[in-house]
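# Structural overview for review
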2 protein chains.
Amino acid sequence: MGAHLFDEGVALEWHGENLARGHTHPAWRNFIGPFGGLTAAQAMQAILTHPQRLGDPIALTVNFAAAVADGEFDVIAQPARTNRSTQHWTVSIKQGDEVMLIGTAMTAVRRDTWAMQEASMPQVPRPADVPPPTTDPRVEWVRRYDLRFIEGGFPGGWHGGDSGASLTRLWVRDNPPRPLDFASLTAMSDIFFPRIWLRRAQFVPLGTVTMTVYFHAREAQLAETGSGYLFAQTRGQGFGAGYFDHTAQVWNEAGTLLATTTQVYYFKE
Amino acid sequence: MGAHLFDEGVALEWHGENLARGHTHPAWRNFIGPFGGLTAAQAMQAILTHPQRLGDPIALTVNFAAAVADGEFDVIAQPARTNRSTQHWTVSIKQGDEVMLIGTAMTAVRRDTWAMQEASMPQVPRPADVPPPTTDPRVEWVRRYDLRFIEGGFPGGWHGGDSGASLTRLWVRDNPPRPLDFASLTAMSDIFFPRIWLRRAQFVPLGTVTMTVYFHAREAQLAETGSGYLFAQTRGQGFGAGYFDHTAQVWNEAGTLLATTTQVYYFKE
């Protein structure tokens with residue numbers, strides 16, 4: 001049995017103190033370049049495997065400056081400041097002299113404190129009771145996930161009618177299943193198809209320009225989640241003048257909040 | 001009449017291609033260091049006044065690595081990649097060799113497209129019908145704002161009871177009034193007091209570690225807003241293991257969405 005395709009996708013080789021090298025993988029192709037969630041996960045993976053890393057991920061922001069071209073790329077991950085229990089990171093992905101991604105991250109040694117989950121997972125059918133989509137995905141990377149849409153599924157056609165809302169709720173896990181880690185949680189935080197396609201039921205060219213992920217899970221919650229499904233929910237806030245955003249939450253099957261995330265997309269027309 | 005204290009607060013002098021210098025201002029003092037919203041606005045101001053800037057702000061993420069000490073600081077703002085209509089920026093604030101803030105931003109030349117505001121402003125009393133707080137602020141920077149709390153105001157005491165939710169809704173504008181620009185919108189995106197203080201009605205030491213602002217306003221919406229009030233709303237999502245987040249939206253008096261924003265705070269206990 002070979003490695004899981006997610007592990008192949010985020011595989012990096014270290015070539016310097018802050019320099020790792022990866023390569024694009026045909027299993028993760030999107031319309032143009034790779035699935036952005038995988039690119040974000042590669043940036044996270046460089047931090048996770050950096051010998052100077054202190055603690056677990058708290059936050060990651062990545063700006064997609066250009067589509068990664070097929071082939072090799074460099075990930076430069078550098079601690080910008082290390083405090084007693086927190087660490088701030090800059091990260092970038094380059095191909096030659098071209099900057100494809102810039103970002104920042106924060107990691108920290110966590111300790112037990114008061115805890116409270118204000119964003120509750122809604123009451124929804126269990127994953128086993130929700131059928132997978134029957135249509136073939138248009139891009140390769142979608143085959144890497146087991147998706148069970150509960151609400152706001154991919155538009156059945158481009159009829160151009162206003163759907164009235166851009167809420168999507170779904171179960172998702174790696175296909176085949178794989179124990180959750182911070183890199184795969186980063187990738188799954190980008191699982192949502194663009195809100196504008198749902199809202200307008202009209203195809204418009206677009207792409208994510210920035211994504212932020214806040215990690216609520218510690219190692220213990222990742223272990224509890226294992227290779228189970230995640231429940232993910234997203235909704236757009238404002239669309240106009242070429243850009244729109246969404247906010248999203250990701251829970252595990254037990255209803256524990258694992259991550260909250262936001263994005264901005266560019267769109268045409 | 002002197003300059004407005006916000007203009008004094010974000011004033012920068014350029015000393016190199018990507019290097020501007022500012023200084024802290026007693027009018028903007030917080031418990032430790034300056035109001036983080038002003039520090040974020042200083043980072044934004046460096047990008048706004050950079051001679052190579054292309055277009056309007058779309059997104060800004062700043063990580064607060066350490067509290068800015070009283071005195072001078074350097075802001076280093078650098079275009080990392082400039083495309084035809086978009087530009088990706090790295091920004092940092094340093095005092096000597098010490099990194100106090102790292103961040104990224106994106107600016108873009110916007111054009112008219114389909115537009116839709118999904119996050120609607122709730123029905124609330126007008127600013128003139130909401131009295132200002134009667135208690136004196138504990139920190140200086142709060143005096144720089146005219147605040148009208150509608151819901152979830154600052155706890156009247158630290159009685160330690162669970163408030164059941166961490167929703168705050170308020171009107172806010174500069175005090176004295178000042179026409180809105182992207183720098184002051186950045187600062188007001190950080191107007192919220194910490195959600196954990198509301199939720200627990202208990203004082204705990206804390207600080208913002210990262211903030212992201214998405215700009216929905218263009219120059220035209222800033223001009224329409226003028227020196228009117230903004231309506232701001234926020235709510236926490238997850239609290240635990242030393243960190244919590246919030247999401248927030250900011251509208252103008254006419255109900256136009258100007259910005260959406262998220263933060264993570266560190267807290268003790």
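Residues numbered from 1 in each chain as written. Chains lettered and ligands numbered in written order. Predicted model: local features only at pLDDT ≥ 70, side-chain atom pairs only at ≥ 80, totals over all residues. Heavy atoms only, no water.

## Let's talk about the overall build of chain A
- Looking only at helices and strands, chain A features five helices and 13 strands.
- For 269 residues, the compact-globule estimate of 2.2 N^0.38 gives 18 Å, and the C-alpha radius of gyration of chain A, at 18 Å, lies within 12% of that figure.
- A principal-axis box enclosing the C-alpha atoms of chain A has dimensions of 50 × 45 × 45 Å.
- The 269 residues of chain A split such that 60% are buried.
- Considering only contacts in chain A between residues 6 or more positions apart, those separated by 24 or more positions represent 70%.
- When the accessible surface of chain A is totalled, it reaches about 10300 Å², and 50% of it is carbon and sulfur.
- When the 22 positive and 26 negative side-chain charges of chain A are each reduced to one mean point, those points stand 5 Å apart. (Helix = DSSP H or I, 4+ residues; strand = E, 2+ residues; numbered from the N terminus. Rg over C-alpha atoms; globule rule 2.2 N^0.38 Å. Buried < 20%, exposed > 50% of the residue type's maximum accessible area, 1.4 Å probe, protein only. Contact = heavy atoms within 4.5 Å. Areas by Shrake-Rupley, 256 points an atom, 1.4 Å probe, with all protein chains shown as cover. Lys, Arg positive; Asp, Glu negative; His and termini not counted. Charge placed at Lys NZ, Arg CZ, Asp CG, Glu CD.)

## A word on the pattern of salt bridges
- Summed over all chains, the structure comprises 28 salt bridges over all chains.
- Glu118(A) is the salt-bridge partner of Arg235(B), the closest N and O atoms lying 2.6 Å from each other. Taken together, the residues Arg235(B) in strand S11 (residues 230–240) and Glu118(A) in the loop between strand S7 (116–117) and strand S8 (145–151) connect one chain to another.
- The shortest N-O distance in the salt bridge between Arg144(B) and Glu140(B) comes to 3.0 Å.
- Overall, Glu140(B) belongs to the partly exposed group, its relative accessible area being 30%.
- Among the charged side chains, a salt-bridge network with shared partners connects Glu118(A), Asp162(B), Arg199(B) and Arg235(B). (Salt bridge = Lys/Arg side-chain N within 4 Å of Asp/Glu carboxyl O.)

## Observations regarding unusual backbone geometry
Residue and element names in this part refer to chain A.
- Of the consecutive residues Asn175 and Pro176, the connecting peptide bond is found in the cis state with omega at 0°.
- Within the element layout of this structure, Pro176 appears in the loop between strand S9 (168–174) and helix H3 (182–188).
- In the Ramachandran plot, Ala201 falls in the positive-phi region, its phi being about 45° despite a non-glycine side chain.
- With respect to the helices and strands, Ala201 occurs in the loop between helix H4 (195–200) and strand S10 (206–215).
- By relative accessible area, Ala201 is classed as buried at 3%.

## What about a nonpolar patch on the surface?
- Residues Phe31(A), Ile32(A), Phe154(A), Trp158(A) and Phe203(A) make up a contiguous nonpolar surface patch of about 540 Å² in total accessible area.
- Of note, Phe31(A) is situated in the loop between strand S2 (19–23) and helix H2 (36–48). (Patch = residues over 30% accessible without salt bridge, like charges linked within 9 Å, V, L, I, M, F, W, Y side chains within 5 Å.)

## Some remarks on the relation of the copies chain A and chain B
- Aligned on chain B, chain A shows an RMSD of 0.0 Å; the corresponding rotation is 180° and the shift along the axis is 0.0 Å. In symmetry terms, the pair is related by a two-fold rotation axis.
- Taken as a fraction of all interface residues of chain A, those also at the interface in chain B reach 100%, which identifies the copy contact as same-surface. (Least-squares fit on C-alpha atoms with pLDDT ≥ 70 in both.)

## Describing the interface of chain A and chain B
- Each side of the interface is counted separately: chain A has 65 residues, and chain B has 65 residues.
- Approximately 5200 Å² of surface area, both sides summed, lies buried where chain A meets chain B, with 56% of it carried by carbon and sulfur atoms.
- Taken together, the links from chain A to chain B amount to six salt bridges.
- The interface formed by chain A and chain B includes 41 residue pairs in polar contact (both at pLDDT 80 or more).
- The element that contributes the greatest number of residues to the side of chain A that touches chain B is strand S6 (residues 98–108) of chain A, accounting for nine residues.
- Taken together, the residues of the side of chain A that touches chain B sort by class into 29 nonpolar, 23 polar and 13 charged.
- Bridge analysis of strand S11 (residues 230–240) of chain A against strand S7 (residues 116–117) of chain B gives two bridges, and the strand direction is antiparallel. The residue of S7(B) that forms the bridge with Gly238(A) is Gln117(B). (Buried area = accessible area lost by both parts, 1.4 Å probe. Polar contact = N/O pair within 3.5 Å; in protein donor to acceptor, adjacent residues only side chain to side chain. Nonpolar A, V, L, I, M, F, W, Y, C, P; charged D, E, K, R; others polar. Pairing = 2+ DSSP bridges.)

## Quick look at the pairing of strand S13 (residues 257–267) of chain A
All names here are of chain A.
- Of all eleven residues in S13, ten are buried; the element is thus mostly enclosed.
- Relative to S13, S10 is paired through nine bridges, and the arrangement is antiparallel. Bridge pairing in S13 links Tyr214 to Thr260.
- Taken together, the nine bridges between strand S12 (residues 243–252) and S13 define a ladder with antiparallel strand orientation. Bridge pairing in S13 links Ala248 to Thr261.
- Counted between consecutive antiparallel strands, the loop separating S12 from S13 contains four residues, among which Gly255 sits at a positive phi close to 90°.

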